[in-house]
Amino acid sequence: MQRTDPLDTGAGSLLRQPKAVWATAGASVVAFMGIGLVDPILPSIAQGLSATPGQVSLLFTSYFLITAFAMLVTGWVSSRIGGRRTLLLGLALVVVFAGLSGTSDSVAELVGFRAGWGLGNALFVSTALAVIVGAAAGGSAAAILLYESALGLGMACGPLLGALLGDASWRYPFFGTAALMAVGFLCITAFLKEQPRPARRTALLDPLKALGHGGLASVAASAFFYNYTFFTVLAFTPFVLDMSPYRSGAVFFAWGVLLAVFSVVVAPRLQRRFGSLRVLGGSLLLLAADVLVLGYGDHGTAVVCTILSGAFIGVNNTVYTELALGVSDAPRPVASAGYNFVRWFAAAAAPYFAPRIEEWTDVHVPFVVAAVTAVAGAAVVAVRRGALVREVEELEPRHAAEDGVAVFAD
């Protein structure tokens, strides 16, 4: 079965979307900017608040730990108050806590405010994907690529904004994000109408029950290992590169550009030619090799490998999202919540453990661990390959009927 190309010039073109979709996608860009925003200013924050790299890494850990647990309640909330109100609630929380982050006088305060920011981001991001999938022209394939485009653009622009504003003060990027999210709040208010609520309200335990499906559990387990590698690069590499905010921002901007291009343009073409699972397994192995070279190379090599990792991360993000939404018979918001609940724990763990592993050993070992976890993610895909292909093929007609397009085939 051939996958419909969402980048064609027909009615399902990726660029021909309702205003509500563009408003949600635009706000998503800013939401994802918040993840990489602190990357180029991590050393500045450590210096400004007299904190160690390990303490500053908790900015990621608190953010993603709260995000992981919040994934269990996002569906419960949105099925009761509606998608639009959930988006607005998430945006409002981000505006408040991003602004408060800029006022912090200690690393403990900043870590706490980042936790509140993570709660708002979880409410917004998980609901935004469901809203985009439901409202986008061209079905779920086009919607997922639009969502991944927002992710890539946000991840690219976040470090750039952090560098530009952070060069004057590490506090300014937080105020800037609060202002941009306030604009997103206004756009959602103006252009997004209330979405139809599901016939059945989501229970708090539904995402955990969805993980009882073997295919979704396998995707989540593989994504857990992959996300440890991903966030070792994102949260630990800035300390290894030890560059000025401008230079670090430029490196991660280039990284984010590759992430966006490979997630939106390259990944779909590779999937059509080689199949989703082959592409995912190969990309994970290449990412493992890349971070290993990053850890043992000289400074110039580390910069090149950091940027290059964006290509593999972009491919992985697209394939994992499609697998998570298409591999089980659970409603997509529920499946997404269960999948994200598992994988965000790794995003919380990597920033915490990487600097501590360095303290216990040396600067190379955190990247060895990251390479091993990427290989572990590929191993899960390989071991569960037969079941994943069979489950996808059984469920694909149902998803195609829902969306008007084939999700993917391997």
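Trainee: Just to check I follow, could you spell out the overall build of the chain for this structure?
Mentor: Check the secondary structure of the chain and you find 16 helices and zero strands. Taken over 410 residues, the chain has a buried fraction of 60%. Summarising the internal contacts of the chain: among those between residues at least 6 apart in sequence, 85% fall at separations of at least 24. Split by element, the accessible area of the chain, about 14800 Å² in all, is 67% carbon and sulfur.

Trainee: It is not clear to me how the packing of helix α12 (residues 276–296) against helix α13 (residues 299–326) should be interpreted in this structure. Could you clarify?
Mentor: In a pair of packed helices, the angle between the axes and the distance between the axes together describe the arrangement. With their axes 9 Å apart at the nearest point, α12 and α13 run at an angle of 155° to one another. With respect to α13, the element α12 is oriented roughly antiparallel. Like other packed secondary-structure pairs, α12 and α13 cross with a definite hand, here left-handed. Within the contact of α12 with α13, the residues separate by chemical class into 17 nonpolar, six polar and one charged.

Trainee: Would you explain the packing of aromatic side chains in this entry?
Mentor: Counted under the stated rule, the structure contains 18 aromatic pairs. Relative to phenylalanine 341, the ring of phenylalanine 69 has its centre 6.1 Å away and its plane inclined at 65°; by these criteria the two rings are edge-to-face. Remark: phenylalanine 341 occurs in helix α14 (residues 332–360) and phenylalanine 69 occurs in helix α4 (residues 58–81); sequence separation between them is 272 residues. Both rings, one in phenylalanine 224 and one in phenylalanine 225, keep their centres 5.7 Å apart while their planes meet at 80°; by these two values the pair is edge-to-face. Within the aromatic cluster, the residues linked to one another by ring pairs are Tyr63, Phe64, Trp117, Trp170, Phe174, Tyr226, Phe230, Phe231, Phe252, Trp255, Tyr320 and Trp344. The ring of tyrosine 63 has arginine 114 sitting right over it, with the charged end atom 4.3 Å from the ring centre. If you follow arginine 343 out to its NZ or CZ, it ends over the ring of tryptophan 344, 4.3 Å from the centre.

Trainee: Sorry, what's going on with the packing of helix α11 (residues 245–274) against α13 here?
Mentor: In contact at an axis separation of 7 Å, α11 and α13 are set at 40° when each is read in the N-to-C sense. Of the possible angle classes, the one that applies to α11 and α13 is oblique. You can see that α11 and α13 cross each other, and the crossing is right-handed.

Trainee: Which parts of the structure should I look at to understand the nonpolar core?
Mentor: One broad rule of soluble globular proteins: the nonpolar side chains tend to lie buried together. Counting 121 residues, the largest nonpolar core has Ile45, Phe64, Phe174, Phe231, Leu234 and Trp255 as its most contacted members. Not counting residues up to four positions away in its chain, the partners in contact with isoleucine 45 are Val56, Leu59, Leu110, Trp170 and Phe174.

Trainee: Help me understand unusual backbone geometry in this model?
Mentor: Comment: phi is negative for the bulk of residues other than glycine, and the bulk of peptide bonds are trans. Even without a glycine there, the phi angle at serine 50 is positive, about 50°. Accessibility expressed as a relative area gives 68% for serine 50, which makes it exposed. Within the chain, aspartate 242 stands out as a residue other than glycine whose phi angle is a positive 50°. Here aspartate 242 shows up in the loop between α10 (214–241) and α11.

Trainee: Hey, could you run me through the environment of valine 94 in this one?
Mentor: In this fold, valine 94 is placed in helix α5 (residues 83–101). In the structure, valine 94 is positioned 22 residues away from glycine 116 in sequence and 7.5 Å away in space, judged by C-alpha atoms. Contacts of valine 94, omitting those with residues within four sequence positions, involve Gly99, Trp117, Gly120, Asn121 and Met181.

Trainee: Explanation requested: a nonpolar patch on the surface in the structure shown.
Mentor: Judged by side-chain polarity, Leu160, Leu164, Tyr246, Phe253, Val257, Val261 and Val265 come together as a nonpolar surface patch covering roughly 540 Å² of accessible area. With five residues, α11 is the single largest residue contributor to the nonpolar patch. Assignment of secondary structure puts valine 265 in helix α11. The exposure class of valine 265 is partly exposed, given its relative accessible area of 37%.

Trainee: Could you clarify how one ought to interpret the pattern of salt bridges in this entry?
Mentor: Throughout the structure, instances matching the rule amount to one salt bridge. One salt bridge connects arginine 171 with aspartate 105, and the closest N-O pair in it is separated by 3.8 Å. Of the two residues, arginine 171 is situated in the loop between α7 (139–166) and α8 (172–191) and aspartate 105 in the loop between α5 and α6 (107–135); the sequence distance between them amounts to 66 residues.

Trainee: How should the side chain of arginine 343 be read in this particular structure?
Mentor: Relative to the helices and strands, arginine 343 resides in helix α14. Beyond its immediate stretch of four places on either side in the chain, arginine 343 contacts Ala223, Phe224 and Asn227.

Trainee: Could you clarify how one ought to interpret the confidence of the model for the chain in this entry?
Mentor: Atom-level detail of predicted coordinates should not be read off regions where pLDDT is low. Here the chain shows a mean pLDDT of 83. Residues at 70 or above account for 88%. In this model, residues 1–12 is a region of pLDDT below 50 whose contacts with residues beyond four sequence positions or in other chains number 35 contacts. Note that pLDDT drops below 50 for residues 393–410; the model gives that stretch 54 contacts with residues more than four away or on any other chain.

Trainee: How should I be thinking about the side chain of asparagine 121 in this particular structure?
Mentor: Summarising the element assignment, asparagine 121 is placed in helix α6. Residue asparagine 121 is classed as buried on the basis of its relative accessible area of 4%. The residues touching asparagine 121, leaving out its near neighbours within four places in the chain, are Ala31, Tyr63 and Val94.

Reading guide: rules and limits
- Residues numbered from 1 in each chain as written.
- Predicted model: local features only at pLDDT ≥ 70, side-chain atom pairs only at ≥ 80, totals over all residues.
- Heavy atoms only, no water.
- Helix = DSSP H or I, 4+ residues; strand = E, 2+ residues; numbered from the N terminus.
- Buried < 20%, exposed > 50% of the residue type's maximum accessible area, 1.4 Å probe, protein only.
- Contact = heavy atoms within 4.5 Å.
- Areas by Shrake-Rupley, 256 points an atom, 1.4 Å probe, with all protein chains shown as cover.
- Axes fitted to C-alpha atoms, helices over the stretch in contact; angles between N-to-C directions.
- Parallel < 35°, antiparallel > 145°, perpendicular 65-115°, else oblique.
- Left-handed = near helix turned anticlockwise from the far one by under 90°.
- Nonpolar A, V, L, I, M, F, W, Y, C, P; charged D, E, K, R; others polar.
- Phe/Tyr/Trp six-rings, centres within 6.5 Å; stacked < 30°, edge-to-face > 60°.
- Lys NZ or Arg CZ within 6 Å of the ring centre and 35° of its normal.
- Core = buried A, V, L, I, M, F, W, Y, C linked by side-chain atoms within 4.5 Å.
- Patch = residues over 30% accessible without salt bridge, like charges linked within 9 Å, V, L, I, M, F, W, Y side chains within 5 Å.
- Salt bridge = Lys/Arg side-chain N within 4 Å of Asp/Glu carboxyl O.
- pLDDT = per-residue confidence, 0-100.

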